[in-house]
Amino acid sequence: MSTSSELLAQARRVIPGGVNSPVRAFSAVEGDPPFIDRGEGVHLYDVDGNRYIDLVGSWGPLILGHAHPFVVDAVRAAMARGASFGAPTEAEVRFAEDIVAAVPSVEQVRLVSSGTEATMHALRLARGFTGRDAVLKLDGCYHGAHDTVLVSAGSGVATYARPGSPGILAPATLTAPFNDLDAAVARLEAHPVAAVILEPVAGNMGCVAPAPGYLEGLREACTAHGTLLIFDEVMTGFRLALGGAQERFGVTPDLTCLGKIVGGGLPLAAFGGRREIMQRLSPVGPVYQAGTLSGNPLAVAAGRATLQLLREPGFYDHLEHISEGLEARLAGPVARAGASLSRVGSMMTLFFRATPPRRFAEVKECDFERFARFHRACLEEGVYLPCSQYEAAFLPALLTDEDLDQTAAAIARALARSAA
Ligand code: HOZ
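Criteria and thresholds
Residues numbered from 1 in each chain as written. Predicted model: local features only at pLDDT ≥ 70, side-chain atom pairs only at ≥ 80, totals over all residues. Heavy atoms only, no water. Salt bridge = Lys/Arg side-chain N within 4 Å of Asp/Glu carboxyl O. Helix = DSSP H or I, 4+ residues; strand = E, 2+ residues; numbered from the N terminus. Buried < 20%, exposed > 50% of the residue type's maximum accessible area, 1.4 Å probe, protein only. 1 Å grid on protein atoms, 1.4 Å probe; cavity = no way out; pocket = protein on both sides within 12 Å on 5 of 7 lines; lining within 4 Å. Points joined across faces, edges and corners; volume = space filled by probe spheres on them. Contact = heavy atoms within 4.5 Å. Polar contact = N/O pair within 3.5 Å; in protein donor to acceptor, adjacent residues only side chain to side chain. Expected span 1.5 Å × (residues − 1). Bend = angle between axes of the 7 residues up to and from the residue. Phe/Tyr/Trp six-rings, centres within 6.5 Å; stacked < 30°, edge-to-face > 60°. Lys NZ or Arg CZ within 6 Å of the ring centre and 35° of its normal. Near = heavy atom within 4 Å. Areas by Shrake-Rupley, 256 points an atom, 1.4 Å probe, with all protein chains shown as cover. Nonpolar A, V, L, I, M, F, W, Y, C, P; charged D, E, K, R; others polar.

1. Description of the pattern of salt bridges
Part 1 of the reasoning: Scanning all chains against the criterion turns up 19 salt bridges.
Part 2 of the reasoning: The partner of Asp401 in a salt bridge is Arg329, and the shortest N-O contact between them spans 4.0 Å. In this pair, Asp401 sits in helix H14 (residues 401-418) while Arg329 sits in helix H11 (residues 315-336), placing the two residues 72 residues apart along the sequence.
Part 3 of the reasoning: You can call Asp401 exposed: its relative accessible area is 51%.

2. Considerations on the layout of surface pockets
Part 1 of the reasoning: When its volume is computed, the second largest pocket comes out at roughly 600 Å³.
Part 2 of the reasoning: In this structure, the second largest pocket is lined by 26 residues; those nearest its centre are Glu92, Arg110, Leu111, Ser294 and Gly295.
Part 3 of the reasoning: Going through the elements one at a time, helix H3 (90-102) and strand E4 (108-112) are the ones with two or more residues in the lining of the second largest pocket.
Part 4 of the reasoning: Looking at which element gives the most residues to the lining of the second largest pocket, the answer is H3, with five residues.

3. A closer look at the environment of His66
Part 1 of the reasoning: Position of His66 relative to the elements: it lies in the loop between strand E3 (51-54) and helix H2 (69-81).
Part 2 of the reasoning: Residues His66 and Leu398, 332 residues apart in the sequence, show an inter-C-alpha distance of 9.9 Å.
Part 3 of the reasoning: Leaving out residues up to four positions away in the same chain, His66 has contacts with Gly39, Glu40, Gly41, His43, Leu44 and Asp54.
Part 4 of the reasoning: Reaching out from His66, the side chain makes a polar contact with the side chain of Asp54 at a distance of 2.6 Å.

4. Some points on H11
Part 1 of the reasoning: Between the first and last C-alpha of H11 there are 33 Å, a value that for 22 residues agrees with the 32 Å anticipated at 1.5 Å per step.
Part 2 of the reasoning: Along H11, the sharpest kink reaches roughly 45 degrees, centred on Leu330 and followed within four residues by the proline Pro333.
Part 3 of the reasoning: Listed as buried for H11 are Phe315, Tyr316, Leu319, Glu320, Ile322, Ser323, Gly325, Leu326, Leu330, Pro333 and Val334.
Part 4 of the reasoning: At the C-terminal side of H11, Gly338 shows a positive phi close to 75 degrees.

5. Concerning the side chain of Asp180
Part 1 of the reasoning: Here Asp180 lies in the loop between strand E6 (173-176) and helix H6 (181-190).
Part 2 of the reasoning: Using a relative accessible area of 19% as the deciding quantity, one classes Asp180 as buried.
Part 3 of the reasoning: A polar side-chain atom of Asp180 sits 3.3 Å from the main-chain amide nitrogen of Asp182.
Part 4 of the reasoning: If we skip the residues at most four places from it in the chain, Asp180 touches Tyr214 and Arg359.

6. Notes on unusual backbone geometry
Part 1 of the reasoning: At the junction of Ser282 and Pro283, the peptide bond is cis and its omega measures out at 15 degrees in the coordinates.
Part 2 of the reasoning: Residue position: Pro283 is located in the loop between helix H9 (275-278) and helix H10 (297-310).
Part 3 of the reasoning: In the Ramachandran plot, Ala67 falls in the positive-phi region, its phi being about 50 degrees despite a non-glycine side chain.
Part 4 of the reasoning: Looking at where Ala67 falls in the secondary structure, it is placed in the loop between E3 and H2.
Part 5 of the reasoning: In this structure Ala67 comes out as exposed when scored by relative accessible area, which is 53%.

7. Thoughts on the packing of aromatic side chains
Part 1 of the reasoning: The full count for this structure, using the stated rule, is eight aromatic pairs.
Part 2 of the reasoning: Ring plane angle 65 degrees and centroid distance 5.3 Å describe the contact between Phe352 and Phe374, whose orientation is recorded as edge-to-face. One end of the pair, Phe352, is in the loop between strand E12 (347-351) and helix H12 (360-363); the other, Phe374, is in helix H13 (residues 368-380), with 22 residues separating them in the sequence. Residues Phe352 and Phe374 agree in their burial class; the two are buried.
Part 3 of the reasoning: Feature note: the residues Phe352, Phe371 and Phe374 constitute an aromatic cluster, connected by ring pairs.
Part 4 of the reasoning: A cation over a ring is seen here: Arg38 above Tyr45, with NZ or CZ 4.0 Å from the ring centre.

8. As for the site of the ligand
Part 1 of the reasoning: Residues in contact with the ligand, as listed here, are Ser21, Val23, Trp59, Ser155, Asn204, Met235, Lys260 and Glu391.
Part 2 of the reasoning: In the model, a nitrogen atom of the ligand is placed 2.9 Å from a nitrogen or oxygen of the Ser155 side chain.
Part 3 of the reasoning: Separating a nitrogen atom of the ligand from a side-chain N or O atom of Glu391 is a distance of 2.6 Å.
Part 4 of the reasoning: Here the ligand has 280 Å² of accessible area as a free molecule, and 84% of this is covered by the chains.
Part 5 of the reasoning: In terms of residue class, the shell around the ligand is built from three nonpolar, three polar and two charged.

9. Comments concerning the side chain of His146
Part 1 of the reasoning: Mapped onto the elements of the fold, His146 is located in the loop between strand E5 (134-138) and helix H5 (155-159).
Part 2 of the reasoning: His146 sits in the buried class, given a relative accessible area of 6%.
Part 3 of the reasoning: Within polar-contact distance, the side chain of His146 engages the side chain of Thr119 at 2.8 Å.
Part 4 of the reasoning: Engagement of the side chain of His146 in a polar contact is seen with the backbone nitrogen of Met120, the distance being 3.2 Å.
Part 5 of the reasoning: Look past the residues within four positions of His146 in its chain and what remains in contact with it is Thr116, Thr119, Met120 and Leu123.

10. Thoughts on H3
An α-helical segment advances 3.6 residues per turn. Residues three or four places apart therefore align on the same side.
Part 1 of the reasoning: The first and last C-alpha atoms of H3 sit 19 Å apart over 13 residues, in line with the 18 Å expected at 1.5 Å per residue.
Part 2 of the reasoning: Among the structural elements, E4, helix H8 (244-249), strand E9 (255-258) and H10 are those in contact with the buried residues of H3.

11. Quick look at the environment of Ser113
Part 1 of the reasoning: Relative to the assigned elements, Ser113 resides in the loop between E4 and helix H4 (115-130).
Part 2 of the reasoning: Linking Ser113 and Pro313, residues 200 residues apart in sequence, is a C-alpha distance of 29 Å.
Part 3 of the reasoning: When sequence neighbours within four positions are dropped, the list of residues in contact with Ser113 reads Pro267, Leu268, Ala269, Leu293 and Ser294.

Right under this line is the structure:
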């Protein structure tokens, strides 16, 4: 028995399912999850001594790879000054200035500790600002684990084939298919809706790009109906461009949720947007929002250091070049396997379906049994990929040509091995 499997058995005695977040459980693929010992650059090492090229990157945050020395030094210096104060610091101000400068829609920002908090508070703020209760979310998008948005959600909810979750209270959540503008407009015409929330590039039903004109159409419809447009850029923020998907696609939402990369691998997220909306937040406005560890000095230090490196000229061109390089190397093997690769920037998913899906319903048509075999074969070949067809891989910017060659060759072998 491997050390990972022994640890999983021990974990299951004291932690539900042995994991602290369901997507880590490997329930939809073959075998047990490796328990991780450490990460270095683009590599992960498990407790059994196996080394993997890491294309999960902690589900998105690690655009600079593991334990980047510049980030480590920043966190070490912050720790030496004290882990938490529950009081304002200058670093928070400078960090907020960095975020405002980078993200087109953000005139003011509030720091929180997780993406779930960011979307929860953004939706509350939208309701408070508009005086409306209903919100519209798109099928297959995932916005964290709180009541309003655990409806027709992607990520772990889809992986475990649940329509939502017992225990949630979401009577005012409307849904429409992702990439179906007419359906969304019909909902807005039929109901007074506080906000439309979506991942502008879906990453939680695998990587699904917005159809041409879709984001622009939602923007127009929201403006026409007095509805706030919320981009959940927890995955896409600082990943698809410094200014996220909104910069890449040129569509500006009213509110933006950030997470993952913005915290440099530490628990930090944010939501922000137009000043007049953000001014409705407590203590200036009546919409309450709070958090003891919000703006935590260690997380702020990691986030600031990360953003500093992302602002280096050419960073995103290089990341695009790497991502194109992997896609090009995989094109032949993927086509021969009858699969398809969906990529936007450095987010990508290999779907076991002949053409890349455009909607959640199409993702559900994939060959999940083959995905499970493929995933296990990838692990055995030394490539660590997300353990669900409903997730996106995230490439780190440190991948070398040699890494890309080895990764593509390993994935090609895994594709061949996973054929029935
Ligand atoms: N949001 C990520 C999965 N799509 C990872 C967070 C989690 O659910 O554990």
